[in-house]
Amino acid sequence: MNDAKRFEGFSPRTGFTPIPNPFFSSVLPDIRDMAELKVTLHIFWALYAKKGYPKFITCSELRGDRALMMSLKGNGSAEEELKRGLEMAVSRKTLLYLGIDREGTLEQLYFVNDEQSRRAMVQIESGDIQLGGLVRIEPASTEEKPNIFSLYEQHIGLLTPLIADELKEAEDRYPASWIEDAFKESVVLNKRSWRYISRILDRWDSEGKDYGRARENSKEDIAPKEYLRKYGHLTRK
């Protein structure tokens, strides 16, 4: 342990990745292989960062992730460790595997075993979903980007289970740029509450984003009094 690289701690504004609770009660206690654990947790993180439907990761993407492959270097090669970790996670059914033929090349797709992924796999196999250019071989980015949960903690406060459910529902419903802009508007007006932010998002959803678009150029920012005149009704009970 003395030779290990010491972690300096999490910053106050770091993002985080939700993991289904049954993983900790029904899956984690039975995992004995470090490669399986590392691969499984990495895929949870990588898939959460992806947008759109369906959400999957390819074996090529995993191989191209330098941080993952470095962490898998052990008794065997990183490639062997990755292969074993994937096979064990699929065998345990934490992950689902689908192989598709793309111009004579086998593309290996991995999904988290949830209802949405199972439905997507059926649609892919039946031809209802044509992947086409959706399969992109790109290393997963390690850059931290604010998600709805980190934005809430930065600008409002600690999460509660009830609020977390509402945030997840909003994240699935609205574009990430809308959510970020709505939080910015709440800060401008010092109306730091999820109730207020959700009203902004509802308004944009029904009337269009330009109704309350946050301006990127500070010289064009609307004056606070004018802002309140135009959007003050959003705060009325």
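Model, not experiment: these values are computed from the prediction.

**Focus on the overall build of the protein chain**
Link 1 in the chain: Summing up its helical and strand segments, the protein chain has 11 helices and 3 strands in all.
Link 2 in the chain: Seen in sequence order, the protein chain has helices and strands lined up from the N terminus as α-α-β-α-α-α-β-β-α-α-α-α-α-α.
Link 3 in the chain: In the protein chain, buried positions account for 34% of the 237 residues.
Link 4 in the chain: Restricting to contacts in the protein chain with at least 6 residues of sequence separation, those with at least 24 account for 58%.

**What about the sheet that holds strand 1 (residues 57-58)?**
The strands that make up a sheet pair up through hydrogen bonds in the backbone, lying either parallel or antiparallel.
Link 1 in the chain: Strand order in the open sheet formed by 3 strands is 1-3-2, with antiparallel pairing between adjacent strands. One side of each edge strand has no neighbouring strand; the edge strands of this open sheet are strand 1 and strand 2 (95-102).
Link 2 in the chain: One ladder, built from 8 bridges, connects strand 2 with strand 3 (residues 105-112); its direction is antiparallel. Looking at the pairing, G99 lines up with Q108 of strand 3.
Link 3 in the chain: Running at roughly 115° to strand 2, helix 5 (residues 78-92) makes contact with strand 2 and strand 3 of the sheet.

**Quick look at the environment of R92**
Link 1 in the chain: With respect to the helices and strands, the residue R92 is situated in helix 5.
Link 2 in the chain: Between the C-alpha atoms of R92 and V27, which are 65 residues apart in sequence, the distance is 8.3 Å.
Link 3 in the chain: Once you skip the residues sitting within four places of it in the chain, R92 turns out to touch V27, D30, I31 and E36.

**As for the pattern of salt bridges**
Link 1 in the chain: A full pass over the atoms with the stated rule returns 11 salt bridges.
Link 2 in the chain: The salt bridge partner of D33 is R84, with a shortest N-O separation of 2.9 Å. Highlighted residues: D33 in the loop between helix 1 (21-27) and helix 2 (34-49) and R84 in helix 5, separated in sequence by 51 residues.
Link 3 in the chain: The class of D33 is buried, set by a relative accessible area of 16%.
Link 4 in the chain: We note a salt bridge from D181 to K184, for which the minimum N-O separation is 4.0 Å. A residue pair is termed a helical-turn pair when its members lie 3 or 4 positions apart in one helix, as D181 and K184 do in helix 9 (residues 176-188) at 3 residues.
Link 5 in the chain: In this structure D181 comes out as buried when scored by relative accessible area, which is 16%.
Link 6 in the chain: K184 sits in the partly exposed class, given a relative accessible area of 45%.
Link 7 in the chain: Where salt bridges share partners, they join D33, E81 and R84 into one cluster.

**Considerations on the packing of helix 9 against helix 10 (residues 194-207)**
The description of two helices packed together rests on the angle between their axes and the distance between the axes.
Link 1 in the chain: With their axes 9 Å apart at the nearest point, helix 9 and helix 10 run at an angle of 130° to one another. In this view, helix 9 runs oblique relative to helix 10, as classed from their interaxial angle. Relative to helix 10, helix 9 is oriented so that their crossing is right-handed. Residues W178, I179, D181, A182, F183, E185 and S186 of helix 9 form the contact with helix 10, whose own contacting residues are W194, Y196, I197, I200, L201, W204 and D205.
Link 2 in the chain: Along the lines of polarity and charge, the residues of the contact of helix 9 with helix 10 split into 10 nonpolar, 1 polar and 3 charged.

**Structural notes on the confidence of the model for the protein chain**
Link 1 in the chain: Averaged over every residue, the pLDDT of the protein chain is 81; residues scoring 70 or more account for 80%.
Link 2 in the chain: At the low end of the mean pLDDT range in the protein chain sits helix 11 (residues 224-231), at 53; at the high end sits helix 5, at 95.
Link 3 in the chain: Counted against residues more than four places away or in other chains, residues 135-143, with its pLDDT under 50, gives 16 contacts.

**Structural notes on the packing of aromatic side chains**
Link 1 in the chain: Taken as a whole and assessed by the stated rule, the structure comprises 9 aromatic pairs.
Link 2 in the chain: With a centroid separation of 4.8 Å and 65° between ring planes, the pair formed by F7 and F10 is classed as edge-to-face. A single burial state applies to F7 and to F10, both of which are exposed.
Link 3 in the chain: Where Y174 meets W178, the ring centres are 6.4 Å apart and the plane angle is 20°; that geometry is what we call stacked. Accessibility classification places Y174 together with W178 in one group, the buried group.
Link 4 in the chain: An aromatic cluster of at least three residues, connected via ring pairs, comprises F23, F24 and F44.

Conventions and cut-offs
- Residues numbered from 1 in each chain as written.
- Predicted model: local features only at pLDDT ≥ 70, side-chain atom pairs only at ≥ 80, totals over all residues.
- Heavy atoms only, no water.
- Helix = DSSP H or I, 4+ residues; strand = E, 2+ residues; numbered from the N terminus.
- Buried < 20%, exposed > 50% of the residue type's maximum accessible area, 1.4 Å probe, protein only.
- Contact = heavy atoms within 4.5 Å.
- Pairing = 2+ DSSP bridges.
- Axes fitted to C-alpha atoms, helices over the stretch in contact; angles between N-to-C directions.
- Salt bridge = Lys/Arg side-chain N within 4 Å of Asp/Glu carboxyl O.
- Parallel < 35°, antiparallel > 145°, perpendicular 65-115°, else oblique.
- Left-handed = near helix turned anticlockwise from the far one by under 90°.
- Nonpolar A, V, L, I, M, F, W, Y, C, P; charged D, E, K, R; others polar.
- pLDDT = per-residue confidence, 0-100.
- Phe/Tyr/Trp six-rings, centres within 6.5 Å; stacked < 30°, edge-to-face > 60°.

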